[in-house]
Amino acid sequence: MIRKFLIWFMAPLAFLPSCSEETFDPVVKLGAPPVISAPADNNSYVLEEANAAAAFDNFSWSAADFGFSAAITYTLEMDEAANNFSEPVTLGVTNNLELLGTTVEKVNSILLARELPGGAPVQLQIRVKAKVSSDVEELISEPRNMTVTPYESVVEYPKLQVPGSYQSWDPSNPTTVINSLKSDNKYEGYLFFSNDNTEYKFTQGYSWAVNWGDDGADGTLDPGGANIVAPVAGMYRLNVDLNTLTYTSVATNWGLIGSATPNGWDSDIDMIYDSATGYLSITTDLVAGEIKFRANDDWAINLGDDGPNGKLEYGGANIAIASAGNYTIELILNEPKYTYRITKN
């Protein structure tokens, strides 16, 4: 009798939930986005080269409310007012409620990099994006408007250093870098590796203090990670996105193609790398017509000139050759903005 009673009493206990297995996730209840408190709306700035190293202005904002306590990353962005933040540049990333250290020179370079003329006022907007996790929606402030007049200057693009076995592992080498034309933490450039199985890494600044490699050879960057290997000698197109810590590395063999070339549009003629100049070049007979540059005997990577202004764009317009003759064509990919040179011999 006692045994039956114990079985009856204990059976319901088997259906009680275990307290040790309960977990409680933070409650995400999106509240107020950050509100920019400085600078004031509709401020005007006239930038001067004499003040290049000075602070542009103070940027500050209120805390975003995600409904729970967490470390929040704030990104301050700037764009032309007419763009509605379709092509923003990042002025800085911080966990604080202010951003210090943005200089007049940095803002000026951002504007000139967009080929905006010095001496002419530009209508801009800034905003702050708050983020706690890739799984949680960002909170974005209302924009602030400003008018900025840049000065003429040589553009200094943000750079990412690429030390490796091909240049004695020297992060202070100013020529082995890739550039961020939009100051958006996305970098691109072409580097020539003269040997098979060249190893390299990426560093931010001319030292090893901040560096990335790839531990899994999977295209994901790891702080202090393993050396990246370029298996075959040649010119590589390197793209790095520090926002997502990813990169791509594509070997490129460049050629000249078009109605002005001996092969027409059917196939290209190979260009040769010149280690003295860092250019790719070819000397050949051309007829009146058009040319373009393309990589790997394919149209996936090709360059033309939309200007025509001597500057190259991916997928750009055909380049005109006015008359027949013997020409030397140079493709210049070791500068932040890719260019070319056509010389009639």
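Refer to the structure above for everything that follows.
This structure is a prediction, so every number in the text was calculated from the model and none was measured.

Parameters and conventions
- Residues numbered from 1 in each chain as written.
- Predicted model: local features only at pLDDT ≥ 70, side-chain atom pairs only at ≥ 80, totals over all residues.
- Heavy atoms only, no water.
- Pairing = 2+ DSSP bridges.
- Helix = DSSP H or I, 4+ residues; strand = E, 2+ residues; numbered from the N terminus.
- Buried < 20%, exposed > 50% of the residue type's maximum accessible area, 1.4 Å probe, protein only.
- Contact = heavy atoms within 4.5 Å.
- Phe/Tyr/Trp six-rings, centres within 6.5 Å; stacked < 30°, edge-to-face > 60°.
- Lys NZ or Arg CZ within 6 Å of the ring centre and 35° of its normal.
- Salt bridge = Lys/Arg side-chain N within 4 Å of Asp/Glu carboxyl O.

## Here we look at the sheet that holds strand S28 (residues 325-332)
Okay, step 1: Here we have 4 strands laid out as an open sheet, ordered S22-S23-S28-S29, and antiparallel in their pairing. Pairing within the sheet leaves two strands with one partner each, and these edge strands are strand S22 (272-273) and strand S29 (339-344).
Okay, step 2: Here 2 bridges tie S22 to strand S23 (residues 280-286), and the two strands are oriented antiparallel to one another. Each bridged residue has a counterpart across the sheet, and for Ile272 the counterpart in S23 is Ser281.

## Some points on helix H2 (residues 104-113)
Within an α-helix, residues lying three or four positions from one another point in the same direction, as the helix has 3.6 residues per turn.
Okay, step 1: For H2, a buried count of 8 out of 10 residues is recorded, marking the element as mostly surrounded by other parts of the structure.
Okay, step 2: Each element contacted by the buried residues of H2 is listed here: strand S4 (73-80), strand S5 (89-94), strand S7 (122-131) and strand S9 (144-149).
Okay, step 3: Just past H2, the residue Glu115 takes up positive phi, approximately 60 degrees.

## Quick notes on the packing of aromatic side chains
Okay, step 1: Enumeration according to the criterion identifies 15 aromatic pairs in this entry.
Okay, step 2: Centre to centre, the rings of Tyr200 and Phe202 are 5.7 Å apart; their planes meet at 80 degrees, and the pair counts as edge-to-face. The burial state of Tyr200 is the same as that of Phe202; both residues are buried.
Okay, step 3: Residues Phe293 and Tyr340 carry aromatic rings whose centres are separated by 6.1 Å and whose planes lie at 50 degrees to one another, so their mutual orientation is tilted. Of this pair, Phe293 sits in strand S24 (residues 289-295) while Tyr340 sits in strand S29; the two residues are 47 residues apart in sequence, bridging distant segments of the chain. Of the two residues, Phe293 and Tyr340, neither departs from the other in class, the shared state being buried.
Okay, step 4: A cation over a ring is seen here: Arg127 above Phe85, with NZ or CZ 4.2 Å from the ring centre.
Okay, step 5: When the ring centre of Trp299 is taken as origin, the NZ or CZ atom of Arg294, which lies over that ring, is 4.9 Å away.

## Section: the pattern of salt bridges
Okay, step 1: For the structure on display, the rule yields 11 salt bridges.
Okay, step 2: Lys182 is the partner of Glu87 in a salt bridge, and the nearest nitrogen-oxygen pair spans 3.4 Å. With Glu87 in the loop between S4 and S5 and Lys182 in the loop between strand S11 (177-179) and strand S12 (186-193), the pair connects residues that are 95 residues apart, well separated along the chain.
Okay, step 3: The salt bridge involving Glu115 is made with Lys337; its shortest N-O contact spans 3.0 Å.

## Focus on the pairing of S4
If a strand is regular, its side chains alternate between the two faces of the sheet.
Okay, step 1: S4 sits mainly inside the fold: 6 of its 8 residues count as buried.
Okay, step 2: Bridge count for S4 against S7 is 8 bridges, and the pairing is antiparallel. Residue pairing in the sheet places Asp79 in a bridge with Gln125 of S7.
Okay, step 3: With 5 bridges connecting them, S4 and S5 associate as antiparallel partners. Residue pairing in the sheet places Glu77 in a bridge with Thr90 of S5.

## Let's talk about unusual backbone geometry
Okay, step 1: With an omega dihedral of 5 degrees, the bond running from Ala38 to Pro39 counts as a cis peptide bond.
Okay, step 2: Assignment of secondary structure puts Pro39 in the loop between strand S1 (36-38) and strand S2 (43-46).
Okay, step 3: Gly307 connects to Pro308 through a cis peptide bond whose omega is -10 degrees.
Okay, step 4: Of note, Pro308 is situated in the loop between strand S25 (302-304) and strand S26 (313-314).
Okay, step 5: Despite not being glycine, Ser183 shows a phi value in the positive range, around 50 degrees.
Okay, step 6: A relative accessible area of 11% means that Ser183 is categorised as buried.
Okay, step 7: Notably, Asn197 is not glycine yet its phi reads approximately 55 degrees, a positive angle.
Okay, step 8: Along the chain, Asn197 falls in the loop between S12 and strand S13 (198-200).

It is worth stressing that arrangement in space is one thing and function is another; only the former is reported here.
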